[in-house]
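Residue-level listing of the chains:
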Amino acid sequence: MGEKVLMKGNEAIAEAAIAAGCRHFFGYPITPQTEVAAYMSKRMPKIDGVYLQAESEVASINMVLGAGAAGVRVMTSTSSPGVSLMAEGISYLAGSDVPCLIVNVQRGGPGLGGIQPSQADYHQATKSTAHGDFHILVFAPSTVQETVDMISTAFDLGDKYRMPAMVLSDGMLGQMMEPVVLPEPREPDNDSKDWAACGHGGKRKHNVVNSLYINPQDLEDLVVARYKRYEEIKENHQMAEEYLTDDAEIIIVAYGSSSRVSRSAIDAARKQGIKVGMIRPITLWPFPEKFIEKHIDHTKVFLSVEMSMGQMVDDVRLVVNGKVPVEFYGRTGGIIPTPKEVLEQIVKLNGGVQ
Amino acid sequence: MSDLNILFTGFGGQGILFTGKVMAYAALMEGKELSWLPSYGPEMRGGTASCSVCISDNTIGSPLVVNPDVLVAMNLPSLEKYENDVVPGGTIIVDSSIVHKDVTRTDVKVVRIDASRIAEENGLKGAANMVILGRLFKETGFCTAENLDLGLQKSIPAKKANLLDNNRKAISLGIES
């Protein structure tokens, strides 16, 4: 195991991607994500990689599509408004079955919004990234170490299922430093994708990477086949961490930064004897339904805590399906909820101060 | 010591983030769990800067320090903004060369240290932050002296190694203050 070092979340994303064999980065600077690109601009030239600052996010994502179609491990990173600009390209990537990694270090929105941490892009990431029937894999780290470990998983699962993967971070996780052990570096693998349009010296039939299907039946068949893969992913790759859920009567559902705030609140509530725990989604798509389902019977109430006006709470309600109440608490616009605020919600749900 | 939450505050350019980084690295050397969270954005360019450092034996929850055990205030606006957030029984360390106003809280320990003047008189202009770190170390004993020095070494990039001795000297002055 390597040495523990202190790294900013954003820098750790870049180093972890390089360790996972990524040698192609296309992006455009935006706060609070810029350290990812800055780090890549220093490292990539030293390891025969490509770092390219494009003229816009639209250009960046189309370069990602091109590189991905050629079969290399490729990524981009941006923050909220940048993902909106990339939306069309992400749909093309999904429609062309081209894997890639997209990092969103979320900031407050809508519009230019602000530059402070937010989780208001949950719906965008998990449901409506762009036009058409498709999903992308969405991972939500809560520590710098988990971010590092997740980058590799995101690349691997994206390659396995031939689809874009997103790591949904935020300004707090991107800017903070924590101890981290970097993974053993892997060599780039540019040859194993037999579908890639990468030149073949006339030795095989040429590959076509495309998202245009004029014949509706062809398109329906393709989308239906893709949704079968999605079902397989939902079955096999739901990830979540449970914290003190065994005896919990109140279960908080929170991911990323808001799960850290919630954890502090839960520790304080437990000291008051309140039976509260947490399910922390690690994959947001597929949403970890199984982890929630198994606790519905012994839980009196679920509480979704988010840095948004309430987005993930919709998914919690779909799973709980009216069997017990699902409440919401959130702050938005770049405000991080305090453990005290979340504790107040827990106490309220527990029937006030005992 | 199980948990120690510190909030470093001051002007951008006083080395607020660096002070937090040295402390964070010292805690890492000590084998603790820790987090370091800076304020970011336009305030880093000459406005107010702050930096949250959490040190614990356990997993760190929220890395944003709202109620610090120790507040380091290197300018007046920061003292005024955060004074009332310090936990009762906590500590406020003030650079009294810059902040001339008294701390009004009576339920906290107040440490006034003439950090900027001490640094300047010893030919260490700009190292008031390290003088304060020395004093913070003395007040809290958050790590061993050896690990504090290792933390400093880890925080200074190799090409700036010539700055190591001055920072060490400033930390010693803070410990002796």
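Caption draft 1: Here's a closer look at unusual backbone geometry. All names here are of chain A. The peptide bond linking Thr31 to Pro32 adopts the cis configuration, its omega dihedral lying at 0°. You can see Pro32 is positioned in the loop between β2 (24-27) and α2 (34-43). Put simply, Gly109 and Pro110 share a cis peptide bond, and its omega is 0°. Looking at the secondary structure, you find Pro110 in the loop between β5 (100-106) and α5 (122-126).

Caption draft 2: Highlighting the packing of helix α4 (residues 128-140) of chain B against helix α6 (residues 164-176) of chain B. Residues and elements named next belong to chain B. Contact pair α4 / α6: the axes reach a minimum separation of 6 Å and the direction vectors enclose 45°. By the angle between their directions, the pair α4 and α6 is classed as oblique. The chirality of how α4 crosses α6 is right-handed. Touching Met130, Val131, Ile132, Leu133, Gly134, Arg135, Phe137 and Lys138 of α4 are Asn167, Ala170, Ile171, Ser172, Leu173, Gly174 and Ile175, all from α6. Split by residue class, the contact of α4 with α6 holds 9 nonpolar, 4 polar and 2 charged.

Caption draft 3: Highlighting the pairing of strand β3 (residues 48-56) of chain B. All names here are of chain B. For β3, the tally of buried residues reaches 7 of 9 residues, placing the bulk of the element in the interior. With 9 bridges joining them, strand β1 (residues 3-11) and β3 adopt antiparallel strand pairing. Its bridge partner being in β3, Leu7 is matched across the sheet by Ser52.

Caption draft 4: Local environment of the interface of chain A and chain B. Across the boundary between the two partners, chain A contributes 19 residues, which contact 15 residues of chain B. Broken down by secondary-structure element, the contributors of at least two residues to the side of chain A that touches chain B are β1 (4-8), α7 (171-175), β8 (177-181) and α9 (256-271) of chain A. For the side of chain A that touches chain B, the leading source of residues is α9(A), giving 5 residues. When grouped by side-chain class, the residues that make up the side of chain A that touches chain B number 10 nonpolar, 4 polar and 5 charged.

Caption draft 5: Looking closely at the sheet that holds strand β9 (residues 240-243) of chain A. Residue and element names in this part refer to chain A. In spatial order, the strands read β9-β11-β10-β13-β14; together these 5 strands make up an open sheet with mixed pairing. Two strands lie at the open edges of the sheet, namely β9 and β14 (326-330), each paired on one side alone. With direction set aside, neighbouring strand axes in the sheet form an average angle of 20°. As paired elements, strand β13 (residues 301-306) and β14 share 5 bridges and run parallel to each other.

Caption draft 6: Quick look at the packing of helix α1 (residues 9-19) of chain A against α2(A). All names here are of chain A. For the pair α1 and α2, the least separation of the axes is 7 Å and the interaxial angle reads 45°. Considering their axes alone, α1 and α2 lie oblique with respect to each other. Here α1 and α2 pass one another in a crossing that is right-handed. For the pair α1 and α2, contact is made by Asn10, Glu11, Ile13, Ala14 and Ile18 and by Glu35, Val36, Tyr39, Met40 and Arg43, respectively. Of the residues in the contact of α1 with α2, the class split is 6 nonpolar, 1 polar and 3 charged.

The rules behind these values
- Residues numbered from 1 in each chain as written.
- Chains lettered and ligands numbered in written order.
- Predicted model: local features only at pLDDT ≥ 70, side-chain atom pairs only at ≥ 80, totals over all residues.
- Helix = DSSP H or I, 4+ residues; strand = E, 2+ residues; numbered from the N terminus.
- Axes fitted to C-alpha atoms, helices over the stretch in contact; angles between N-to-C directions.
- Parallel < 35°, antiparallel > 145°, perpendicular 65-115°, else oblique.
- Left-handed = near helix turned anticlockwise from the far one by under 90°.
- Contact = placed C-beta atoms within 7 Å.
- Nonpolar A, V, L, I, M, F, W, Y, C, P; charged D, E, K, R; others polar.
- Buried ≥ 20, exposed ≤ 12 C-beta atoms within 10 Å, placed from the backbone.
- Pairing = 2+ DSSP bridges.

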